[in-house]
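Chain by chain, the residues:
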Amino acid sequence: MFSAAVARDGTVVVASKIDTEGALLGNIILAVLRARGIDTESKLQLGPTNIVRAAILAGQVDIYPEYTGNGALFFHREQDPAWRNWQRGYALVEALCREQNRLIWLTPAPANNTWVIAVRRDLAERHHLASMDDFAAYLKEGGRIKLAASAEFVESPSALPAFEATYGFRLSDEQLLTLSGGNTAATLRAAAEQMSGVNAAMAYGTDGALAALGLVALRDDKGAQIVYAPAPVVREAVLQDHAEIRAALDPVFATLTLETLQNLNAKIAVDGQDAGSVAVSYLRSKGFLP
């Protein structure tokens, strides 16, 4: 175990969470730093949020990708409305982490990996559904929706009920297919295959299977959900030693739009490609690597 006080001869330890997008973003950070000639050690896919967060606080890792909305959890400020706004949420978590943890948040990607409702692409195109306002209007006009979701999504006040309250609609029991567990892969497949008449599904905004299965994530323009924008988080002492890290990573993360992350995640989760290879290929395609 490292401690925060232990010198590592300038080696930067890069970590990530254990999920698909964590592997993708961690490999992007690792490849970019290595291309800049920074000595690195990989601890990618180290574990879930609590494990990686504890590791960076203890100085065991130096940089990893995190989501702005998790500041609500880290600092027990779940009721703060700032988390539902991209700019305010980033500013709040950046200030809190800098002041209390000596951690620096670099610029987040313009993407939001939060709860979304996704609909079949054919339905979206036929009825011009791009946002939750469109979805609510479609329901009000008598449009047919059957949503596949987990019990948690249906019952948790912060999930479906928050969408319903914000956009003024209500789904009946007949309009829901409640699946056991919380795996979005099951809900997305139910919509793609029209299981029991399902044409909509709970999802996360950057789910790789969305594009692969022909589903469209509807925009949450009114902020029913907390914004989870991914950004590199780095220990302040490390950034002081390697100021070039910000200049290297900010322009890369600026290219990681919602659609881009969906497509890159799909290469890993759907096509079975190696996360490191997907990351390097993307960076080369954008001119960030030779």
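This one's a predicted model, so the numbers in the text were calculated from it and none came from an experiment. (Residues numbered from 1 in each chain as written. Predicted model: local features only at pLDDT ≥ 70, side-chain atom pairs only at ≥ 80, totals over all residues. Heavy atoms only, no water.)

Points about the overall build of the chain
Logical step 1: Check the secondary structure of the chain and you find 14 helices and ten strands.
Logical step 2: Its C-alpha radius of gyration of 20 Å places the chain within 12% of the 19 Å reference for a compact globule of 290 residues.
Logical step 3: Burial statistics for the chain: of 290 residues in total, 53% are counted as buried.
Logical step 4: Counted over contacts in the chain with a minimum sequence separation of 6, partners at least 24 positions apart contribute 74%.
Logical step 5: Across the chain, 26 positive and 32 negative side-chain charges occur, with their mean positions spaced 2 Å apart. (Helix = DSSP H or I, 4+ residues; strand = E, 2+ residues; numbered from the N terminus. Rg over C-alpha atoms; globule rule 2.2 N^0.38 Å. Buried < 20%, exposed > 50% of the residue type's maximum accessible area, 1.4 Å probe, protein only. Contact = heavy atoms within 4.5 Å. Lys, Arg positive; Asp, Glu negative; His and termini not counted. Charge placed at Lys NZ, Arg CZ, Asp CG, Glu CD.)

Quick look at unusual backbone geometry
Logical step 1: Of note in the backbone geometry, His128 takes a positive phi value of approximately 55 degrees without being a glycine.
Logical step 2: Looking at the secondary structure, you find His128 in the loop between helix H5 (121-127) and helix H6 (132-140).

With respect to helix H9 (residues 184-192)
Logical step 1: For H9, the complete set of buried residues consists of Thr184, Thr187, Leu188, Ala190 and Ala191. Mapping the buried residues of H9 onto a view down its axis gives an arc of 155 degrees, with all of them on the same face.
Logical step 2: Residues of H9 that are buried in the fold lie against strand E5 (115-120), strand E6 (147-150), strand E7 (176-179), strand E8 (200-204), helix H10 (209-212) and strand E9 (215-217).
Logical step 3: Looking one or two residues past H9, Gln194 carries a phi angle of roughly 55 degrees, positive in sign. (Arc of directions from axis to C-beta.)

Quick notes on the packing of helix H1 (residues 20-35) against helix H12 (residues 244-253)
For any two helices packed against each other, the geometry is given by the interaxial angle and the distance between the axes.
Logical step 1: At a minimum axis separation of 10 Å, H1 and H12 run at an interaxial angle of 135 degrees. Relative to H12, H1 is oriented oblique. By crossing handedness, the relation of H1 to H12 is classed as right-handed. Contact with H1, carried on its side by Leu25, Ile28, Ile29, Val32 and Leu33, involves Ile245, Ala248, Leu249, Val252 and Phe253 of H12 and no other residues of that element.
Logical step 2: Along the lines of polarity and charge, the residues of the contact of H1 with H12 split into ten nonpolar, no polar and no charged. (Axes fitted to C-alpha atoms, helices over the stretch in contact; angles between N-to-C directions. Parallel < 35°, antiparallel > 145°, perpendicular 65-115°, else oblique. Left-handed = near helix turned anticlockwise from the far one by under 90°. Nonpolar A, V, L, I, M, F, W, Y, C, P; charged D, E, K, R; others polar.)

Quick word on the pairing of E8
Taken residue by residue, a regular strand's side chains alternate between the two faces of the sheet.
Logical step 1: Of all the five residues making up E8, four are buried; the element is thus mostly covered by neighbouring parts of the structure.
Logical step 2: Bridging between E5 and E8 involves five bridges; their strand directions are antiparallel. Across the sheet, Trp115 pairs through a bridge with Tyr204, a residue of E8.
Logical step 3: Both E6 and E8 contribute to a ladder of two bridges, which runs parallel. Pairing of Leu147 across the sheet is with Ala200, part of E8. (Pairing = 2+ DSSP bridges.)

Considering H12
Logical step 1: Turning to H12, its buried residues number three or more, namely Ile245, Ala248, Leu249, Asp250, Val252 and Phe253.
Logical step 2: In this structure, the buried residues of H12 make contact with H1, strand E3 (63-67), strand E10 (230-235), helix H11 (236-241) and helix H14 (275-285).

Examining the pairing of E3
Logical step 1: Among the five residues of E3, five are classified as buried, and the element is accordingly described as predominantly covered.
Logical step 2: Burial along E3 is two-sided: the face carrying Ile63, Pro65 and Tyr67 and the face carrying Tyr64 and Glu66 are both buried.
Logical step 3: Bridge count for E3 against E10 is five bridges, and the pairing is antiparallel. Note on E10: the bridge partner recorded for Glu66 is Ala231.

Concerning the pattern of salt bridges
Logical step 1: This model, assessed by the stated rule, comprises ten salt bridges.
Logical step 2: Between Glu66 and Lys17 there is a salt bridge; the shortest N-O distance is 2.6 Å. In this pair, Glu66 sits in strand E3 while Lys17 sits in strand E1 (residues 12-17), placing the two residues 49 residues apart along the sequence.
Logical step 3: On the accessibility criterion, Glu66 (0% relative accessible area) is buried.
Logical step 4: Its salt-bridge partner being Arg120, residue Asp122 comes within 3.1 Å of it at the nearest N-O pair. (Salt bridge = Lys/Arg side-chain N within 4 Å of Asp/Glu carboxyl O.)

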